[in-house]
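Here is how the chains run, residue by residue.
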Amino acid sequence: MPLPTVSCPLNNMAAALTTAEQALAERFASIHATEYTVFERVLSAFRAHKVSESHFYSVSGYGHDDIGRETLDKVAADCFMAEAAMVRPHWVSGTHAIATALRGCLQPGQHMLCLTGRPYDTLEEVIGLRGKSSQSLTAWGVTYEEIAPFDDDGALELAQLATEKAKASMAKANMLYIQRSCGYATWRQSVSVADIQAMVAYAKTINPTAVVVVDNCYGEFVEATEPTAVGADIVVGSLIKNPGAGLAESGGYIAGKTEWVNRCADAWTAPGVGAKGGAMQNTTRTLLQGLFLAPSVVASAVKGMVLAAHLFNQAGYKVSPVAAASRTDIIQTIELGSGDALKTFCKVLQANSPVDSHLTPQPDQLPGYQDPVLMAGGTFVQGSTIELSADGPMRPPYAAFMQGGLSYAHVRTVLAAMLPELVKLH
Ligand SMILES: *Cc1c(COP(=O)(O)O)cnc(C)c1O
C-alpha cells in the first residue's frame, strides 16, 4: 500500500489550523445552526415539563412514583420528537438497549428484516448470526434477513429496495430495522435522516404494519430532526455516546410511539412493571443535564471531526466523510496506510487525553475481530465514545475510526500534536 504523499504546510501547525478554520468557516456556521435548532427543542422540552429541583432526587427501592424519572422520560420524548421515551442508567450499553427493543417489538415466529446490511458487530450474537446463545432472537424462533442497498462506494441506492426479492422480503417482515451510523463497516456510508425517511416511506407502501426500529447510536442531535420525526416507530441508543454528553455514567434510551415504548418497557423490566419501576439511584439530575448539554457537545465533536477530515485530506490521506459533506453521525474514518501510522495516531491521541495519558495503546485481539485492534481514548467514563476516542484494526488500509470530543479545543489540540508526528513517518 503506497503511503500518502504529504503536500501541506503542516510544518507550521498553528498557521495550518488558522487557515483550515478560515476555510471551514461556513461549514462550522452550519453545524452551529443545527446546534441552535436542536438546542431550542431541548430547552423547550425542559420548560414544557417544568423541570425543577424536586425532580433531581430519586426514589429508592421499587422506584414507584418517581416524578423525576417520569419527567426525564417526557423531556427525552420531546428531544427525540417522539410520543414517549425511557432513559435509564440500568442498561449496560447500547447493545443491551437494542436487545431490549428487539425483544420488545418482536414475538417468536415473526420476521426481522435489516434494511442496512449487516448490523453492528455486537448485535450478531443478539440476533443469533454468531454464537450459540439460547437467548438469541433466532434461538427464540424469530427469522432474520438483511438487504444491503448500497453501491460500490457505500452510498445508499434506494433502487435496490425495489427489486422483486427485496419487496417480497419487506412484505413478510414484522420488523424493519435500520442502522443509521456506519459502525465499523468501511464499505458503507451512514444513512441520513432524509434517507431514513425515504426508506421508511417506500417500505411502508409495501408493508404498512411492520414496526420500524432505528439503531440511532452516534446519530443523536447531529441533524435538526430525528428518525422518530420521519416515520421510525422506535429509536434506540447509548447514553455514553451523544445523548449523555459525557455526563451520563452508563445507560441507554428508547424513544418512539407509546405503544412500542410500552412493549419495550415490559421487555426491560417485567410485564406489569414496565417503565413504572426502577430506582434511578440519584442519576436523574446528571441525565437531564447531559441531555441539556448534548446538542452543544455533539456540535463540538462534529466540528472536530470536520477539522480532522480537512487536515488529513490536505496531508494526502483518504478520509470519509470529507470535510464538506453533511453529516449524520460523529464518526470520522481516516485511512492511514500503514500499521506504524495507525500506532502513532493512537499513541498521540492517548498521550493527549485527560485520563491515562501516560499509557501507550497496544494492539489487542477482540472477540469477533480477525485482526488485532488498536484503541485509544483516555476517557472519564470507561469506554465512552462521546469523549475523544479512536480505534482501528491492524490490517490494510489501516483505517482509524475516530469519534467524539467533549470540547472542540480538545480535538484541535490533539490534531495539532498528531499531524506533525505522522508527517515524520514519511
Ligand atoms: C455503539 C453502537 C452500538 C452499541 O454498542 P455498545 O458498545 O453496546 O453501546 C450499536 N450500534 C452502533 C451503530 C453503534 O455505533
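Everything discussed here concerns the structure shown above.
Residues numbered from 1 in each chain as written. Predicted model: local features only at pLDDT ≥ 70, side-chain atom pairs only at ≥ 80, totals over all residues. Heavy atoms only, no water.

Let's talk about the sheet that holds strand β8 (residues 318–320)
By way of backbone hydrogen bonds, the strands of a sheet pair with one another, either parallel or antiparallel. Strand order in the open sheet formed by five strands is β8-β9-β12-β11-β10, with antiparallel pairing between adjacent strands. With partners counted over all chains shown, the strands left at the sheet margins are β8 and β10 (373–376), one partner each. Averaged over all pairs of adjacent strands, the angle between their axes in this sheet comes to 15°, without regard to strand direction. For strand β9 (residues 331–335) and strand β12 (residues 399–403), the ladder comprises five bridges, and the chain directions are antiparallel. Residue pairing for β12: T333 is matched across the bridge by F401. This element, helix α10 (residues 339–351), spans β9, β10, β11 (389–393) and β12 of the sheet and lies at about 25° to β10. (Pairing = 2+ DSSP bridges. Helix = DSSP H or I, 4+ residues; strand = E, 2+ residues; numbered from the N terminus. Axes fitted to C-alpha atoms, helices over the stretch in contact; angles between N-to-C directions. Contact = heavy atoms within 4.5 Å.)

A few points about the environment of I206
Along the polypeptide, I206 turns up in helix α7 (residues 193–206). For I206, a relative accessible area of 23% corresponds to the partly exposed category. For the pair formed by I206 and G141, sequence separation is 65 residues and the distance between their alpha carbons is 24 Å. In contact with I206, not counting residues within four places along its chain, are K167, M170 and A171. (Buried < 20%, exposed > 50% of the residue type's maximum accessible area, 1.4 Å probe, protein only.)

Here's the deal with the pairing of strand β4 (residues 175–179)
Within a regular strand, the side chains alternate between the two sheet faces. Among the five residues in β4, five count as buried, and that is most of the element. Residues M175, Y177 and Q179 point to one face of β4 and L176 and I178 to the other, with burial holding for every one of them. Note that strand β2 (residues 111–114) and β4 share three bridges and pair parallel. Looking across to β4, one finds that L113 is bridged to L176. Pairing analysis gives five bridges linking β4 to strand β5 (residues 211–215), with the strands arranged parallel.

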